[in-house]
Amino acid sequence: MAVRIRFARHGVRNNPFFHIVAINARKKRDGKPLEKLGTYSPHPNIKEGAKHITLDFARTKYWLGVGAQPTDGVRFLLERAGLLPPRPLHPKVKRSPAAAAAAAAAASSAESQPKA
């Protein structure tokens, strides 16, 4: 069973409130989760000016340890919380030495050709 850590939307129109849940990947967005891991309110509080996030670190680490894959939005929150390492801005592409030499040769031949 593929498990995802994702948002389940609650709240009212124009004022969403999300539960961070561990759920089977094939279930619908607001389906019954395996476990509720926390909450996230994307709108800042008027008095404090901050967004509210609650998260059960121990259970989130458990689900990540058994192979649950977070969605992009949840991954961003987990990176900010320090549970996941930040993703590189520009991932390096690993190439074999032969492929790197071929790419360099193609680039040099493209530069040497006159443009019409």
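1. Notes on the side chain of glutamate 79
Structurally, the position occupied by glutamate 79 is in helix H2 (residues 72-81). Take glutamate 79: its relative accessible area is 18%, and that puts it in the buried class. With residues up to four places along the chain from it excluded, the contact list for glutamate 79 reads Leu84, Pro85, Pro86 and Arg87.

2. So, unusual backbone geometry
Of note in this structure, asparagine 14 is not a glycine but carries a positive phi near 65 degrees. Secondary-structure assignment places asparagine 14 in the loop between strand S1 (3-12) and strand S2 (15-24). Among the residues examined, asparagine 14 registers a relative accessible area of 67% and is labelled exposed.

3. Remarks on H2
All buried positions along H2 are accounted for by Val74, Leu77, Leu78 and Glu79. Where the residues of H2 are buried, they touch S1, S2, strand S3 (35-41), strand S4 (52-55), helix H1 (57-65) and strand S5 (69-70). Immediately beyond the C-terminal end of H2, within one or two residues, lies glycine 82, with a positive phi of roughly 90 degrees.

Here is what the cut-offs are and how they apply
Residues numbered from 1 in each chain as written. Predicted model: local features only at pLDDT ≥ 70, side-chain atom pairs only at ≥ 80, totals over all residues. Heavy atoms only, no water. Helix = DSSP H or I, 4+ residues; strand = E, 2+ residues; numbered from the N terminus. Buried < 20%, exposed > 50% of the residue type's maximum accessible area, 1.4 Å probe, protein only. Contact = heavy atoms within 4.5 Å.

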